[in-house]
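Single-letter residue listing:
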Amino acid sequence: MNSILLIGFMGAGKSTVGSLLAQKLNWPMIDLDDLITEKIQMPINDYFDQFGEAAFRQVESNVLKDNLRTKAIIATGGGIVVSALNRSLLKAQPKVIYLKTEPQTLVTRIKNDTKNIRPLATEKSEGEIISLLNGRLTHYEDSAAIAVETTERSPEEIVEEIMERLAMA
Ligand code: S3P
């Protein structure tokens, strides 16, 4: 059984949409960032400070590989597509959904999210966040089987479209 994976930039709504989709399908929900946090035994931000992004990406790849074949909705971290290995793992999966969101909406959501400290966004300028996004856009498109527009749409509408396109409605 393949998992249903949600990919997209920080602030795209992967966790929110994933939880609702899991509830509707009665499938478990896995948040890869939560699994990584358990594994590294510290907040992601501290891990970036101590070991750097490359070490984090390695842990992220391992956690992705371990869970690809779980019957679950998997919310990934926004940088999952940075690794070429992860992109090829995702491309081989039939149920990878890209949550596609306007840059300005992402920036506003990231800036308003005071609970989630993101090493690659929290203390960055709007321009820096947008250029990080621009560098990843084609990777999201290429890694996903299905792209769903999320700007100005409710989680319910997004989940409905995902279920229809997966023929699971
Ligand atoms: C990251 C996104 C984060 C988290 C880490 C790196 C990124 O996940 O994995 O801070 O590189 O875009 P969210 O997309 O859930 O914020």
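From a predicted model like this one, the values you see are computed outputs, not experimental measurements.

A. Here's a closer look at a negative patch on the surface. Among the surface-exposed residues, E156, E157, E160 and E164 lie close enough to one another that they form a single negatively charged patch. Relative to the helices and strands, E157 resides in helix α8 (residues 155–165). For E157, a relative accessible area of 40% puts it in the partly exposed group.

B. Layout of the site of the ligand. Neighbouring residues of the ligand: 13 residues in total, closest K14, R57, G78, R118 and R136. One nitrogen or oxygen atom from the side chain of K14 is found 2.8 Å from an oxygen atom belonging to the ligand. The separation between an oxygen atom of the ligand and a polar side-chain atom of R118 is 2.7 Å. Look at the ligand: alone it shows 380 Å² of surface, and the protein chains cover 94% of it.

C. Inspection of the nonpolar core at higher detail. Counting 53 residues, the largest nonpolar core has I7, I97 and I162 as its most contacted members. Element by element, the count of residues in this core is highest for helix α1 (residues 14–25), at five residues. If near-sequence neighbours (up to four positions away) are discounted, I162 is found in contact with L6, V17, L21, I97, L99 and V148.

D. Summary view of the packing of helix α5 (residues 84–91) against helix α7 (residues 126–143). Where α5 meets α7, the closest approach of the two axes is 9 Å, and the angle between their N-to-C directions is 30 degrees. Between α5 and α7, the interaxial angle falls into the category roughly parallel. Judged by residue contacts, R87, L90 and K91 of α5 engage H139, D142 and S143 from α7. Split by residue class, the contact of α5 with α7 holds one nonpolar, two polar and three charged.

Calculation rules
Residues numbered from 1 in each chain as written. Predicted model: local features only at pLDDT ≥ 70, side-chain atom pairs only at ≥ 80, totals over all residues. Heavy atoms only, no water. Patch = residues over 30% accessible without salt bridge, like charges linked within 9 Å, V, L, I, M, F, W, Y side chains within 5 Å. Areas by Shrake-Rupley, 256 points an atom, 1.4 Å probe, with all protein chains shown as cover. Salt bridge = Lys/Arg side-chain N within 4 Å of Asp/Glu carboxyl O. Lys, Arg positive; Asp, Glu negative; His and termini not counted. Charge placed at Lys NZ, Arg CZ, Asp CG, Glu CD. Helix = DSSP H or I, 4+ residues; strand = E, 2+ residues; numbered from the N terminus. Buried < 20%, exposed > 50% of the residue type's maximum accessible area, 1.4 Å probe, protein only. Near = heavy atom within 4 Å. Polar contact = N/O pair within 3.5 Å; in protein donor to acceptor, adjacent residues only side chain to side chain. Core = buried A, V, L, I, M, F, W, Y, C linked by side-chain atoms within 4.5 Å. Contact = heavy atoms within 4.5 Å. Axes fitted to C-alpha atoms, helices over the stretch in contact; angles between N-to-C directions. Parallel < 35°, antiparallel > 145°, perpendicular 65-115°, else oblique. Nonpolar A, V, L, I, M, F, W, Y, C, P; charged D, E, K, R; others polar.

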